[in-house]
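Survey of secondary and tertiary structure
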Amino acid sequence: MTTTYIGEATSRVDGRAKVTGRAKYAGEPDIANLVYGYVVGATVARGTITAIDATEALSVPGVLTVLTHENSPLPVSRRSYIDEAGSPGETFIPFRDNRVRFSQQPIALVLADTFERARYAASLVRVEYDQETHLTDLEAALTDAYDPPWRVLLPPIPGPRGNAEKALAASAARVDVKYGAPAEHHNPMEPYASTAVWEENGTLTVYDKTQGVKNVQGFLCSQFDYDDDELRVLSPYVGGGFGSGLRPQYQVFLAVLAARELKRPVKVTLTRQQMFGLCYRPFAIQRVALGASSDGTLNALIHDAVQNTSRYEHYCESTVHWSPLLYKCDNVTVSFKLAQLDLTAPADMRAPGAAWGLFALESAMDELAVELEIDPLELRLRNHAETDQVRNVPFSSKALRDCYTQGAERVGWSRRKPEPRAVRKDGALVGLGMASGVWESPQLMASASAVLTLDGALTVSSATADIGTGTYTIMAQIAAETLGLPLNQVTFKLGDSSLPRAPVEGGSFTAATVGPAVQAACLKVRDQLFGLAQRIPNSPLAGVTSDEVVADDGHLRSRKDPSRAVSFADAMQNSMVNEVEGTATTGPDPKQQGYGTYTHSAVFAEVHVDEALGTIRVPRMVSALAAGRVLNPKTARSQVLGGLVWGIGMALEEESVIDHKFGRFMNHSLGEYHVPVNADVHDLEVIFVDERDDVVNPLGAKGLGEIGLVGVAAAIANAVYNATGKRIRDLPITLDKLL
Ligand code: MOS
């Protein structure tokens, strides 16, 4: 019998620990003698601190100290540092100086014996500022937009091809429009939290809410001048990240700073309101111009985006990268500019760049379809890109046509009426809309180790994360299948900086990056077992070659003659070996260079609009995805469901609102920052189309973290147009814009 796990719908192996509360998060370790830190945030958006008076705060019983830029022990190292997910510029470090760069910037940390006392004392810290005029409005900063230095993490901005302006002017049908998008906050369920445990020997153990333990370790070691073996970062469970935990956040720096100062364990957690003072998806203003001949052939495509960054970092994302790629078009120009505002730096947030870029492109494609009087799905099929025109290479696989066909069939696209306001149901206007989605599917470098013990238990580890995506589960599946062991004999360890190196969990690359390392480590164990098995006197596997042997049901077995087999235990016992270990580091194969590797989707949405009230409901969405091999249909579907729900929020609800007088995000609570709740979410269907890919990585899996969200907001906006005849180009589509 063969042990098959890859591709099986498997429940989360960490599910029980999570629902029973056994899973401990970064703010929950059970530690004695704990000190609680509470952050005081700046109340102005720009200026300098002229005085901080903590006298009153210090008089509160239980308060130990108040750290500020004036008295905090400066980190021994002042090495400049850009973390794995960082942007060019200067990394923000709390308490470096008296400058205030954004409202809610941490300017003091109150440390006390309880959280409540620290919080109360924080309200008593008096701060005086020399306030300067701030600018927090992207529209007002557009004239200062510039071409930013580019992030190493991202591919460069695609250069122009053909002459887009000229082709646009000569096109029979044209669309040339602007789209606006607000800032959004990640709002993971688990707030930012860090617990730094100072040990007697001066080393530190840091529990942090992060998507990358190695990244946080590298940052802290650079700032406080530790070696890797002196500072360990743990993050075994993460209550949602969505990009907010890709970079080391300020609370982890503060927790370490305080733990060193007090020589005690210190916990710093942020409140929901304080979380609106960290990172967010930036504002975006975009122009998309499309030109086509009357048969719908796309001749010209221009996509220009301007987004905001902070004053200290150039946060860029791949907003315009997808436009030269998704459709065949010979005349294309894209640009991406930044404008600096007196705000904290934006950050990657699920499908960074593509979320805004594809909203604009896919809305514009819908507008072009209206202009041409061609069905929007048909327009996309006519302009389907058969090759990657950006790099002039073939795609490793691209089953997008199947996504269109199967999604359309499922949602009943053929019943759609092209003219708006043509369908009503129970008094509401009914609309159908669709959009395409695309995201990259890279493989990065990662390491893993696998240890098999005599009792048949396999422990596989890598310093990756599980931010709710199912990493624990799929890695256990890959290991179990590779070594032919029952799933419940496999333990996967992650979220510990002492484990073999892996990148942050992000960019949808974890399955494709860590998966191959896990597979390779397990194959090394198998090869060693095979060596041991052949040492057995009169071994049943004598003369069998290594590529002929399979690991299956706790045995090594000849593929040709399954009766020739040696159990793992016999192989180990014969050589008096108690455990077998394999480690591996894997990365992209050079052959991948010759291909464009992307995931694709087609999203279909039905909306019902109440004309009298302007309310929009989304009774139904279908997402059809081409994501290579699906490792676990259950967790994969969950990923996409999350993306669809988020897309409802992006289209209709989510918006971080700044009061420019204060330069501060004002709707800083889940009461005022709206996300979809159960009443907003109805029938969601996820279809994975068949897509075989032997190039993208050894597993053939493409990753699903981002693609589920890409295109969803455009599909809903296009459906709203189909229902009402109103084209809303500024997200979110709230009822005031519709009435
Ligand atoms: Mo994702 S924004 O790469 O965590």
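Cut-offs and rules
Residues numbered from 1 in each chain as written. Predicted model: local features only at pLDDT ≥ 70, side-chain atom pairs only at ≥ 80, totals over all residues. Heavy atoms only, no water. Helix = DSSP H or I, 4+ residues; strand = E, 2+ residues; numbered from the N terminus. Rg over C-alpha atoms; globule rule 2.2 N^0.38 Å. Buried < 20%, exposed > 50% of the residue type's maximum accessible area, 1.4 Å probe, protein only. Contact = heavy atoms within 4.5 Å. Lys, Arg positive; Asp, Glu negative; His and termini not counted. Charge placed at Lys NZ, Arg CZ, Asp CG, Glu CD. Domains from an automatic or database assignment. Buried area = accessible area lost by both parts, 1.4 Å probe. Salt bridge = Lys/Arg side-chain N within 4 Å of Asp/Glu carboxyl O. Polar contact = N/O pair within 3.5 Å; in protein donor to acceptor, adjacent residues only side chain to side chain. Nonpolar A, V, L, I, M, F, W, Y, C, P; charged D, E, K, R; others polar. Disulfide = S-S within 2.5 Å. Axes fitted to C-alpha atoms, helices over the stretch in contact; angles between N-to-C directions. Parallel < 35°, antiparallel > 145°, perpendicular 65-115°, else oblique. Left-handed = near helix turned anticlockwise from the far one by under 90°. Pairing = 2+ DSSP bridges. Expected span 1.5 Å × (residues − 1). Phe/Tyr/Trp six-rings, centres within 6.5 Å; stacked < 30°, edge-to-face > 60°. Lys NZ or Arg CZ within 6 Å of the ring centre and 35° of its normal.

Within the protein chain one finds 17 helices and 30 strands. Computed over the C-alpha atoms, the radius of gyration of the protein chain is 27 Å, within 12% of the 27 Å expected from 2.2 N^0.38 for a compact globule of 739 residues. Seen along its three principal axes, the alpha-carbon backbone of the protein chain occupies a region of about 80 × 75 × 50 Å. Taken over 739 residues, the protein chain has a buried fraction of 62%. By sequence separation, contacts in the protein chain at least 24 residues apart represent 82% of the contacts at least 6 residues apart. Here the protein chain carries 69 positive and 87 negative side-chain charges, and the mean point of each set is 2 Å from the other.

Turning our attention to unusual backbone geometry. Cis peptide bonds are those with omega within 30 degrees of zero, and the linkage from Leu731 to Pro732 qualifies with -10°. Examined against the element boundaries, Pro732 turns out to sit in the loop between α16 (712-724) and α17 (735-738). A positive phi angle is found at Asn33, which is not glycine, with a value near 65°. Following the sequence through the fold, Asn33 ends up in the loop between α1 (15-20) and β1 (35-41). You will see that Asp553, though not glycine, has its phi angle at about 55°, which is positive. Along the chain, Asp553 falls in the loop between β22 (549-552) and β23 (555-558). Residue classification places Asp553 among the partly exposed residues on the basis of a relative accessible area of 33%.

The next point concerns the domain arrangement of the protein chain. If you check the domain split of the protein chain, you get domain 1 (15-21 + 443-587), domain 2 (35-133 + 186-275) and domain 3 (141-184 + 280-442 + 593-738). One C-alpha centre belongs to domain 1, the other to domain 3, and the line joining them spans 39 Å. Contacts between the two partners involve 20 residues from domain 1 and, on the opposite side, 19 residues from domain 3. Regarding the contact of domain 1 and domain 3, the summed buried area is about 1300 Å², with carbon and sulfur atoms giving 57% of it. Considering only the surface of domain 1 that becomes buried against domain 3, Gln443, Thr469 and Ser508 emerge as the three largest contributors, covering 36% of it. On the surface where domain 1 and domain 3 come into contact, there are zero salt bridges. In this assembly, domain 1 and domain 3 are joined by six residue pairs in polar contact (both at pLDDT 80 or more). Residue classes in the side of domain 1 that touches domain 3 are distributed as seven nonpolar, twelve polar and one charged.

All told, the structure shown has zero disulfides when counted by the stated rule. This cysteine, Cys316, is not joined by any disulfide, and Cys279 carries the nearest cysteine sulfur, 16 Å off.

So, on to the pattern of salt bridges. Applying the stated criterion across every chain, the model contains 37 salt bridges. The closest approach of N and O atoms between Glu132 and Arg99, which form a salt bridge, is 2.8 Å. Taken together, the positions of Glu132 in the loop between β6 (126-131) and α4 (138-141) and Arg99 in strand β4 (residues 99-100) put the pair 33 residues apart, joining distant regions of the chain. For Glu132, a relative accessible area of 30% translates into the label partly exposed.

At a minimum axis separation of 8 Å, helix α9 (residues 354-372) and α16 run at an interaxial angle of 30°. By the angle between their directions, the pair α9 and α16 is classed as roughly parallel. Of the two possible hands of crossing, α9 and α16 adopt the one that is right-handed. Here Leu358, Phe359, Glu362, Ser363, Asp366 and Val370 of α9 lie close against α16, whose contacting residues are Ala713, Ala714, Ala717, Asn718 and Tyr721.

Before going further, it helps to spend a moment on the sheet that holds strand β13 (residues 298-309). Across the sheet, four strands lie side by side as β7-β12-β13-β14; this open sheet has mixed pairing. The open sheet is flanked by β7 (173-181) and β14 (332-340), the only strands paired with a single partner. Strand-to-strand, the axes of this sheet are offset by a mean angle of 10°, without reference to chain direction. Here β7 pairs with strand β12 (residues 284-292) via nine bridges, running antiparallel. Bridge pairing links Lys178 to Arg287 in β12. This element, α9, spans β7, β12 and β13 of the sheet and lies at about 145° to β7.

With that settled, consider the side chain of Arg416. By secondary structure assignment, the location of Arg416 is in the loop between α11 (400-411) and β17 (424-425). There is no salt bridge for the buried Arg416, and the closest opposite charge comes from Asp375, which lies 4.1 Å off by N-O distance. Looking at Arg416, its side chain comes within polar contact range of the main-chain oxygen of Leu432, at 3.0 Å. Beyond its immediate sequence surroundings of up to four residues, Arg416 is in contact with Asp375, Pro376, Leu432 and Asn722.

On to helix α12 (residues 471-483). In this model, α12 (13 residues) spans 18 Å end to end at C-alpha, consistent with the 18 Å of a helix rising 1.5 Å per residue. Burial within α12 is extensive, with twelve of its 13 residues counted as buried. Buried residues of α12: Thr471, Tyr472, Thr473, Ile474, Met475, Ala476, Gln477, Ile478, Ala479, Ala480, Thr482 and Leu483, and no others. Gly484 lies just past α12 and shows a positive phi near 60°.

Here we take up the packing of aromatic side chains. Remark: the centre distance and the inter-plane angle together describe each pair of aromatic rings, the angle taken between the planes. Applying the stated criterion across every chain, the model contains 18 aromatic pairs. Relative to Tyr237, the ring of Tyr25 has its centre 6.1 Å away and its plane inclined at 50°; by these criteria the two rings are tilted. Of this pair, Tyr25 sits in the loop between α1 and β1 while Tyr237 sits in the loop between β10 (231-234) and α7 (250-262), placing them 212 residues apart in sequence. Centre to centre, the rings of Phe242 and Trp646 are 5.0 Å apart; their planes meet at 85°, and the pair counts as edge-to-face. Highlighted residues: Phe242 in the loop between β10 and α7 and Trp646 in helix α15 (residues 633-652), separated in sequence by 404 residues. Judged by relative accessible area, Phe242 falls into the partly exposed class, the value being 28%. Taking the relative accessible area as the measure of exposure, Trp646 reaches 9% and is therefore buried. Taken together, the aromatic side chains of Tyr81, Phe219, Phe224 and Phe253 make up a single cluster linked through ring pairs. It is Arg281 that lies over the ring of Trp356; its NZ or CZ is 5.3 Å from the centre. Its guanidinium or amino end placed over the ring of Tyr721, Arg727 lies 4.1 Å from that ring's centre, counting from NZ or CZ.

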